[in-house]
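Here is how the chains run, residue by residue.
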Amino acid sequence: DILDNIDLKIKKNPNDSDSYYDKAIILHTILKEDEFAYYYVNKAIEIQKQSKYLLLKSQLVQDKNKQLNLINEAVKLNPIGNSDVYIARADYYYDEDNYDNALQDYLKALKYGSKTEDYAEQIGWCYFELEDFEQSLKYFVISNNIGGQADSLLNLGRYKEALELYKQIIG
């Protein structure tokens with residue numbers, strides 16, 4: 001039903017890039033039809049390049065270099081005030097264990113409007129992997145990640161506090 005409505009919109013205005021994008025989103029997120037979603041997001045990009053179109057396409061390609069290139073292109077299109085592009089790139093770097101770059105992009109995303117609570121755990125793990133245990137502890141407290149807090153405290157030499165948290169975890 002929703003797809004039929006979108007198809008009607010496309011038929012009425014075949015140059016409406018958002019209709020192609022909307023169809024790609026539904027195909028990808030709800031129907032898990034990524035091949036068709038890829039086709040429709042490409043149609044949207046042909047009409048008009050937008051960051052959100054490139055970010056969706058980056059989710060649909062398997063090649064890691066292509067993913068990063070698409071995300072970087074999305075960042076270049078809309079580098080200021082668009083936290084989504086930085087979150088996408090931060091998540092990419094995080095998955096690749098590139099914690100320094102991930103951290104920088106998570107912090108840029110916070111600067112441009114993402115909520116600290118939404119990404120505090122990932123930021124905490126970035127700091128943890130970079131061995132900045134004071135900062136990791138701060139973000140694990142925000143995310144309420146008790147295991148991360150305990151691990152950070154342990155690395156800070158605060159053994160009694162770490163032990164109490166470990167007891168909570170297994171208790």
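Residues numbered from 1 in each chain as written. Predicted model: local features only at pLDDT ≥ 70, side-chain atom pairs only at ≥ 80, totals over all residues. Heavy atoms only, no water.

## What about the overall build of the chain?
So, point 1. The helix and strand tally for the chain stands at 11 helices and zero strands.
So, point 2. Listing every helix and strand of the chain by position from the N terminus yields α-α-α-α-α-α-α-α-α-α-α.
So, point 3. If one aligns the C-alpha atoms of the chain with their principal axes, the spans along those axes are about 65 × 35 × 30 Å.
So, point 4. Look at the contacts in the chain between residues 6 or more apart in sequence, and 34% of them connect residues 24 or more apart.
So, point 5. For the chain, the exposed surface amounts to about 10000 Å²; the carbon and sulfur share of it is 47%.
So, point 6. For the chain, the distance from the average site of its 20 positive side-chain charges to the average site of its 29 negative ones is 5 Å. (Helix = DSSP H or I, 4+ residues; strand = E, 2+ residues; numbered from the N terminus. Contact = heavy atoms within 4.5 Å. Areas by Shrake-Rupley, 256 points an atom, 1.4 Å probe, with all protein chains shown as cover. Lys, Arg positive; Asp, Glu negative; His and termini not counted. Charge placed at Lys NZ, Arg CZ, Asp CG, Glu CD.)

## Things to note about the packing of aromatic side chains
So, point 1. Under the criterion given, the structure shown has 12 aromatic pairs.
So, point 2. Summarising the aromatic geometry, the rings of Tyr20 and Tyr40 are spaced 6.3 Å apart at their centres and angled 20° between planes, so their arrangement reads as stacked. On the criterion of sequence distance, the pair formed by Tyr20 in helix H2 (residues 17-29) and Tyr40 in helix H3 (residues 34-47) is long-range, its members being 20 residues apart. Here Tyr20 and Tyr40 have matching classes, each one buried.
So, point 3. Between the aromatic rings of Tyr39 and Tyr40, the centroid separation amounts to 4.9 Å while the plane-to-plane angle is 90°, which identifies the pairing as edge-to-face.
So, point 4. With relative accessibility at 17%, the residue Tyr40 sits in the buried group.
So, point 5. One aromatic cluster is present, built from ring pairs that chain together Tyr94, Tyr99, Tyr106 and Tyr119. (Phe/Tyr/Trp six-rings, centres within 6.5 Å; stacked < 30°, edge-to-face > 60°. Buried < 20%, exposed > 50% of the residue type's maximum accessible area, 1.4 Å probe, protein only.)

## Looking at the nonpolar core
So, point 1. In terms of nonpolar packing, the biggest core is built from 42 residues, with Val41, Tyr106 and Ile123 touching the most fellow members.
So, point 2. Only helix H1 (2-12), H2, H3, helix H4 (51-60), helix H5 (64-77), helix H6 (83-95), helix H7 (99-111) and helix H8 (116-129) provide two or more residues apiece to this core.
So, point 3. Among the elements that take part in this core, H6 stands out by supplying seven residues, more than any other.
So, point 4. What Tyr106 contacts, discounting residues up to four positions off in sequence, is Ile87, Ala90, Asp91, Tyr94, Tyr119, Gln122, Ile123 and Cys126.
So, point 5. Residues Leu137, Ala150, Leu153 and Leu165 belong to the second largest nonpolar core, which totals five residues. (Core = buried A, V, L, I, M, F, W, Y, C linked by side-chain atoms within 4.5 Å.)

## As for H8
So, point 1. With 14 residues, H8 ought to run about 20 Å at 1.5 Å a step, and its terminal C-alpha atoms sit 19 Å apart, in line with that.
So, point 2. The principal kink in H8, of about 30°, is found at Gln122.
So, point 3. All of the buried residues along H8 are Tyr119, Ala120, Ile123, Gly124, Trp125, Cys126, Tyr127 and Phe128.
So, point 4. Among the structural elements, H6, H7, helix H9 (133-143) and helix H10 (146-155) are those in contact with the buried residues of H8.
So, point 5. Glu131 lies just past H8 and shows a positive phi near 65°. (Expected span 1.5 Å × (residues − 1). Bend = angle between axes of the 7 residues up to and from the residue.)

Without other data, these values stay purely geometric and don't point to any function.
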